[in-house]
Amino acid sequence: MAAQEPPRSPPAPAEPPEPEPGGRYEAVVPHWFYCKVTDTRERWVPFSAQDSERLEEAHGAGKDRDDVVVPTSGGRYDVHLRTRQRVAVYWEEEASEVRRCTWFYKGDKDNKFIPYSESFSEELEEAYMIAVTLDEWKKKLESPNREVIILHNPKLMVHYHPVASSDDWVSTPTEQGRPRTVKRGVENIAVEIPSGEPLQIDHLVFVVHGIGPACDIRFRSIVQCVNDFRNVSLSMLQAHFKKAQEQQQVGRVEFLPVNWHSSLHSTGVDVDLERITLPSINRLRHFINDTILDVFFYNSSTYCQTIVDTVASEMNRLHQLFLQRNPQFKGGVSIAGHSLGSLILFDLLTNQKADPEEDKHCAQGSRTTSSTGGIEEVKEILRKLELSEYCDVFEKEKMDRQALFLCTETNLKEMGIPLGPRMKILHYLSSKTEMKDQSSAAPGHSKRGAEAGSPSQHGEGTEDGRNCQYRDVGLGQVSANYPQLNYKPTIFFAFGSPIGMFLTVRGVKRIDPNYSLPTCKGFFNIFHPFDPVAYRIEPMIVPDLEFEPMLLPHHKGRKRMHLELKEGLTRMSVDLKNNLLGSLRVAWQSFTRAPVPALEAGSTEAEAEAEAGTEKQPDTKPEEPPTAVKEETPLINVGRLNGGNRIDYVLQEKPIESFNEYLFALQGHLCYWESEDTVLLVLKEIYQTQGITLDQPLPGSQ
């Protein structure tokens, strides 16, 4: 049967000769594959349709004669056509074999189709063309390994694989082993071919791993885990930024891994450790030396310097290489760290030197900004509050930032702003005004200009003198020369982070609400509720107020069913408890009422007391509101560390995880790479800095 042509125009085949006139032969459409080796097992993976077309175009132009390099996989891998090798660009990885595939046979172990070599595929294609043109089948071909392929008809082509080593006494190859299916053309095999990644890159994110060489429960490397994170981000973009994609406002976010573990353990420290390690329980001791000891290495001034140098230099190298390969890139750069990696990044960021001119520009911004710029600033504030639909109203009223901060509720009401958005705007204005007053009362907020380890002396002139308890967040840091980054990160994301614990152990009990990272204005602390390594940050900024972290909304737009059920049952039990207490109170009052002669007056009093008791019932409800019942967390001012926005975000556990939190504790620490909710928050915050919002805001999101 002739192969069906896909929508794209097939490239002109180079190898098979032209069929005779009147023949039904149609040239096969090749597809390019690369060989992926995992645990000594080979697996042939198809390139995306976009990459395969690009490779075929270069091949058809005869460029494989020269050493032409074709970028693939979003520019993260280069394919050298002449040597047929796929080479990683940004990290170290063994080169993998590349093939231009037209014919496939089914493998023995996993029933996956394996491509024939290019030379033998040409022989098969030529035999197939002759068979189709002359209508002469039962063609038999023998491969260099004495494997026999028989073309019975267009629908039945069989590959016979010899069972044992061939000799003169063995029967013919056609009688040996189980026959395996042979297929012509990639469209006839069961393989999923991705369409390809968007060419436009909007933002770059560097991801730093935690302890050990393995980053998840399957002991995969940081490269593999970040690949998963990137793939989830592409699916989340298609699901939640569809309108922006259709308007070509959104391309994709590139995530690049940063590996420091191999550099640390190539210093010779493993040999020294091996010399002093006891021979018993060898595997456990090796695991501890390779993973857990990374925490102690980071707290050693010698190896801490190696780690921070590696992380900073690697991020600077990747940034420079990325810009060289993507000269048209105009987006921002963010950083993300998992576990110990987040602490390394936090220490690096606290030791960055802010631009001395930056504060001057900020102070003079209101005077130097033009009217148009002021309106754009107001639009940015509205986008941040997810009130973009009112931008036209504010622009019509020629409302700049200064005018916005002078607005009252009456003004907003006269502009036609509804009550809900009005409250959001007024709360934002009041929180920013309050923050400004605090900063003017304590002008010099903690920056890393001071020596690491010295108490911060700022804030001594505040009303209650509490700021004297604030200490520099660099207190207790290991003495090291922290390198400078070549860029200013837009946002810092921490996954399963022990930053709060390390700051507390170092002696930092409270973080000044006016403190912000010198070169990074955004900071999100994301954690799973059962993650044993994760700690909160917000209670260190607002210690006198107890409040829950922000619950990350489910990527499908609601809370998980078991959480809703749990909250419903909790709410029902609270209602029953309050109603029962109210009924008992009324009954007790009726027993203790006045004697019979004063029945009329007593009944009146009892009724009044009963009414008073029923009126007081609603007041008893919120006496002990359980945390699960709280649908909406009130807006809380948590300082400038994240620009006045919330910092701590907690994931929703899965239904199976809620059965035993201890059983899923380790999984809770390693779940972030494939968490759609985590990825969606990262994308939402990144694109919000560009004024792009989700198609539909998720319930409970800030």
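S.K.: Got a minute to help me understand the overall build of the chain in this structure?
M.R.: Tallying secondary structure elements over the chain gives 21 helices and 19 strands in all. Counted over contacts in the chain with a minimum sequence separation of 6, partners at least 24 positions apart contribute 71%. Surface summary for the chain: the accessible area is close to 37,200 Å², and the carbon and sulfur share equals 53%.

S.K.: Please clarify how the pairing of strand β4 (residues 77-80) should be interpreted in this entry.
M.R.: One face of the sheet, then the other: side chains in a regular strand alternate in exactly this way. Bridge count for strand β3 (residues 69-72) against β4 is four bridges, and the pairing is antiparallel. Bridge pairing in β4 places Val70 opposite Val79. Taking the residues that link successive antiparallel strands as the turn, the β3-β4 hairpin has four residues, and the phi of Ser73 there is positive, at about 50 degrees. Direction of pairing for β4 relative to strand β5 (residues 85-88): antiparallel, over a ladder of four bridges. By the bridge assignment for β5, His80 is matched with Gln85.

S.K.: Would you mind going over the packing of aromatic side chains with me for this structure?
M.R.: Scanning the model with the defined rule gives 20 aromatic pairs in all. Ring geometry for Phe495 and Tyr672: centres 6.1 Å apart, planes at 15 degrees, overall stacked. Taken together, the positions of Phe495 in strand β16 (residues 491-495) and Tyr672 in the loop between α20 (665-669) and α21 (676-688) put the pair 177 residues apart, joining distant regions of the chain. Since its relative accessible area comes to 1%, Tyr672 is described here as buried. Every member of this aromatic cluster is reached through a ring pair, and the members are Phe229, Phe255, Phe495, Tyr672 and Trp673. In this structure, Arg86 is placed above the aromatic ring of Tyr34, and the distance from its NZ or CZ to the ring centre is 3.8 Å.

S.K.: Honestly, helix α9 (residues 340-350) in this entry has me stumped. Any pointers?
M.R.: Structurally, the α-helix is built with 3.6 residues per turn, so residues lying three or four positions apart point the same way. The element α9 is extensively covered by neighbouring structure, given that 11 of its 11 residues are classed as buried. Among all positions of α9, only Leu340, Gly341, Ser342, Leu343, Ile344, Leu345, Phe346, Asp347, Leu348, Leu349 and Thr350 are buried.

S.K.: Explain the pattern of salt bridges here, please?
M.R.: Side chains carrying opposite charge are able to pair once their charged atoms draw close together. Applying the stated criterion to the full structure yields 27 salt bridges. With its nearest N and O atoms 2.8 Å apart, the salt bridge here joins Glu254 to Arg230. Here the residue Glu254 occupies a position in strand β14 (residues 252-258), and Arg230 occupies one in helix α3 (residues 222-240), the gap between them amounting to 24 residues. Residue Glu254 is classed as buried on the basis of its relative accessible area of 1%. Arg646 is the salt-bridge partner of Glu538, the closest N and O atoms lying 2.8 Å from each other. Of the two residues, Glu538 is situated in helix α17 (residues 538-541) and Arg646 in the loop between α19 (599-620) and β19 (648-650); the sequence distance between them amounts to 108 residues. For the pair shown, Glu538 and Arg646 are each scored as buried. A network of salt bridges, in which partner residues are shared, links Arg76, Glu197, Arg230, Arg252 and Glu254.

S.K.: What is the right way to read the sheet that holds strand β9 (residues 139-142) from this model?
M.R.: By definition, the strands of a sheet pair up through backbone hydrogen bonds, in either a parallel or an antiparallel sense. Read from one edge of the open sheet, six strands run β8-β7-β12-β11-β10-β9, paired in antiparallel fashion. Whereas interior strands pair on both sides, the edge strands pair on one side only; in this sheet they are β8 (113-115) and β9. Strand-to-strand twist of the sheet, defined as the mean angle between neighbouring strand axes without regard to direction, takes the value 30 degrees. Pairing analysis gives five bridges linking strand β10 (residues 148-153) to strand β11 (residues 156-160), with the strands arranged antiparallel. Bridge assignment links Ile149 to a residue of β11, and that residue is His159. Packed onto the sheet, helix α2 (residues 118-134) meets β7 (103-106), β9, β10, β11 and β12 (180-184) and runs at close to 170 degrees relative to β9.

S.K.: Help me understand the packing of helix α8 (residues 301-325) against α9, please; the structure alone is not making it clear to me.
M.R.: When two helices pack together, you describe them by how their axes are tilted relative to each other and by the distance separating the axes. Relative orientation of the contacting elements α8 and α9 amounts to 80 degrees, with a least axis distance of 11 Å. When the interaxial angle is binned, α8 and α9 end up roughly perpendicular. Contacts between α8 and α9 pair Ile307, Val308, Val311, Ala312 and Met315 from the former with Ile344, Leu345 and Leu348 from the latter. Its residues assigned to classes, the contact of α8 with α9 comprises eight nonpolar, no polar and no charged.

S.K.: Which parts of the structure should I look at to understand the pairing of β12?
M.R.: The pairing of β7 with β12 spans three bridges and is antiparallel. Looking at the pairing, Phe104 lines up with Lys183 of β12. Here β11 runs beside β12; their pairing, made up of two bridges, is antiparallel. In the strand pairing of β12, His159 is matched with Arg180.

S.K.: What is the right way to look at α8 in this model?
M.R.: Relative to the 36 Å expected for 25 residues at 1.5 Å per residue, α8 spans 36 Å between its end C-alpha atoms, a close match to the ideal helical length. Each element contacted by the buried residues of α8 is listed here: β13 (201-208), β14, α5 (261-264), α7 (282-298), β15 (332-338) and α9.

S.K.: In this structure, what is going on with the sheet that holds strand β2 (residues 41-46)? I would like to understand it.
M.R.: With antiparallel pairing, the six strands of this open sheet are ordered in space as β2-β1-β6-β5-β4-β3. Where the open sheet ends on each side, the last strands, each with one partner, are β2 and β3. Going from strand to strand, the sheet's axes swing by 30 degrees on average, the running direction of each strand aside. For β5 and strand β6 (residues 96-101), the ladder comprises two bridges, and the chain directions are antiparallel.

S.K.: Sorry, what's going on with the side chain of His669 here?
M.R.: Position of His669 among the secondary structure elements: in helix α20. Not counting chain neighbours up to four residues away, the residues in contact with His669 comprise His338, Ser339, Gly496, Asp531, Pro532 and Val533.

S.K.: I tried to follow a nonpolar patch on the surface on my own but got confused; where do I start?
M.R.: Together, Phe219, Ile281, Leu284, Phe287, Ile288, Ile292 and Phe296 make up an exposed nonpolar region whose accessible area comes to about 720 Å². Residue position: Leu284 is located in helix α7.

S.K.: I tried to follow the confidence of the model for the chain on my own but got confused; where do I start?
M.R.: In low-pLDDT regions, the fine details of the predicted coordinates are not to be read closely. Scored by pLDDT, the chain comes out at a mean of 79, with 75% of its residues at no less than 70. The low-confidence segment residues 1-22, where pLDDT is below 50, has 32 contacts with residues more than four positions distant or belonging to other chains. This model gives residues 438-468 a pLDDT under 50, and the stretch forms 49 contacts once residues within four places in sequence are excluded.

S.K.: Can you help me understand the nonpolar core in this one?
M.R.: When a protein is soluble and globular, its nonpolar side chains tend to lie buried together. Core analysis: the biggest nonpolar cluster contains 104 residues, and Phe206, Met315 and Phe492 have the highest contact counts within it. Contact partners of Met315, with chain neighbours within four places excluded, come to Phe206, Val208, Val258, Ile335, Leu345, Leu348, Leu485 and Tyr487.

S.K.: Would you explain the environment of Glu92 in this entry?
M.R.: Following the sequence through the fold, Glu92 ends up in the loop between β5 and β6. Judged by its relative accessible area of 82%, Glu92 falls in the exposed class. Note: C-alpha distance between Glu92 and Asn259 (167 residues apart in sequence) is 9.8 Å.

What counts, and where the lines are drawn
- Residues numbered from 1 in each chain as written.
- Predicted model: local features only at pLDDT ≥ 70, side-chain atom pairs only at ≥ 80, totals over all residues.
- Heavy atoms only, no water.
- Helix = DSSP H or I, 4+ residues; strand = E, 2+ residues; numbered from the N terminus.
- Contact = heavy atoms within 4.5 Å.
- Areas by Shrake-Rupley, 256 points an atom, 1.4 Å probe, with all protein chains shown as cover.
- Pairing = 2+ DSSP bridges.
- Phe/Tyr/Trp six-rings, centres within 6.5 Å; stacked < 30°, edge-to-face > 60°.
- Buried < 20%, exposed > 50% of the residue type's maximum accessible area, 1.4 Å probe, protein only.
- Lys NZ or Arg CZ within 6 Å of the ring centre and 35° of its normal.
- Salt bridge = Lys/Arg side-chain N within 4 Å of Asp/Glu carboxyl O.
- Axes fitted to C-alpha atoms, helices over the stretch in contact; angles between N-to-C directions.
- Parallel < 35°, antiparallel > 145°, perpendicular 65-115°, else oblique.
- Nonpolar A, V, L, I, M, F, W, Y, C, P; charged D, E, K, R; others polar.
- Expected span 1.5 Å × (residues − 1).
- Patch = residues over 30% accessible without salt bridge, like charges linked within 9 Å, V, L, I, M, F, W, Y side chains within 5 Å.
- pLDDT = per-residue confidence, 0-100.
- Core = buried A, V, L, I, M, F, W, Y, C linked by side-chain atoms within 4.5 Å.

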